[in-house]
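Now for the letters of each chain:
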Amino acid sequence: MRLLKAADKGDAARLFDALDTPTQWSIESVHAAQREMRRLVADTYPADVRDPALGRLPAASEESESQPRRYFRRLDGSAERVADIKQRMYAGTGQPVGSVRRKDGTSDVWREGGSVFRFARDPQGRWGFSEYRNEWEQAKLRATHDVETVRANAALYRGRAGTPR
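This write-up is about the structure you can find in this document. Source: prediction; values computed, not measured. (Residues numbered from 1 in each chain as written. Predicted model: local features only at pLDDT ≥ 70, side-chain atom pairs only at ≥ 80, totals over all residues. Heavy atoms only, no water.)

1. Some words on the packing of helix α3 (residues 21-44) against helix α4 (residues 47-55)
So, step 1. For the pair α3 and α4, interaxial distance at closest approach is 9 Å and the crossing angle is 165°. The orientation of α3 with respect to α4, classified from their angle, is roughly antiparallel. The element α3 and its partner α4 pack so that their crossing is left-handed. Facing α3, whose interface residues are R38, V41 and A42, α4 presents R50, A53 and L54.
So, step 2. When grouped by side-chain class, the residues that make up the contact of α3 with α4 number 4 nonpolar, no polar and 2 charged. (Axes fitted to C-alpha atoms, helices over the stretch in contact; angles between N-to-C directions. Helix = DSSP H or I, 4+ residues; strand = E, 2+ residues; numbered from the N terminus. Parallel < 35°, antiparallel > 145°, perpendicular 65-115°, else oblique. Left-handed = near helix turned anticlockwise from the far one by under 90°. Contact = heavy atoms within 4.5 Å. Nonpolar A, V, L, I, M, F, W, Y, C, P; charged D, E, K, R; others polar.)

This is how it looks when you write it as structure tokens:
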């Protein structure tokens, strides 16, 4: 129902709420890493490299009190994701049907002639839309690597701060 509401309202923030827990956690991790990178770049990078480095970070990480839900909504392509889900949801005919694999905590839901939607259950029993999980796990890995690089660069720039060029 959360996924249907997100699609009907065209709201990517509601789509975030419909995602499975591991996907939400990955998005939260990416968001936190990007916010940390923005802070480190703004605080430690010299002016000549600061602006280009900040330009490579998503605009959503600029918010001072941002939440992962709002971050997800502001990402490029989020409106298109919701529109695609809506189009897929209303393809096909009849009532939704599904299959549940209790052992691995997954489920597929579809309408006759329509797309299959994949869901997963977390250990607390909450079901969520899981189709974006792999994409966001990869994004989390990249963000983790990127933040380590920015931390190392920030340490170098801090060490160089008192040294004349």
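That was the structure; now back to the text.
2. Observations concerning the nonpolar core
So, step 1. Formed by 34 residues in total, the largest nonpolar core has its most connected members in L3, L15, L19, F72, I85, F129 and W136.
So, step 2. Excluding its chain neighbours within four sequence positions, the residues that come into contact with L3 are L15, A18, I85, M89, F117, F119 and F129. (Core = buried A, V, L, I, M, F, W, Y, C linked by side-chain atoms within 4.5 Å. Buried < 20%, exposed > 50% of the residue type's maximum accessible area, 1.4 Å probe, protein only.)

3. Re the packing of α3 against helix α7 (residues 133-160)
So, step 1. Their axes nearest at 8 Å, the elements α3 and α7 cross at an angle of 20°. Here α3 is positioned roughly parallel relative to α7, judged by the angle of their axes. Taken as a pair, α3 and α7 cross one another with a handedness that is left-handed.
So, step 2. Its residues assigned to classes, the contact of α3 with α7 comprises 14 nonpolar, 4 polar and 7 charged.

4. With respect to the packing of aromatic side chains
So, step 1. Per the counting criterion, the structure on display carries 6 aromatic pairs.
So, step 2. Taking the centre distance of 6.2 Å and the plane angle of 55° together, the rings of F72 and W136 count as tilted. Of this pair, F72 sits in helix α5 (residues 68-74) while W136 sits in helix α7, and the two are 64 residues apart along the sequence. By the burial criterion, F72 is buried, and W136 matches it.
So, step 3. Across from the ring centre of Y132, 4.4 Å away, lies the NZ or CZ of R81, which sits over that ring. (Phe/Tyr/Trp six-rings, centres within 6.5 Å; stacked < 30°, edge-to-face > 60°. Lys NZ or Arg CZ within 6 Å of the ring centre and 35° of its normal.)

No statement about biological role is implied by the geometric values presented.
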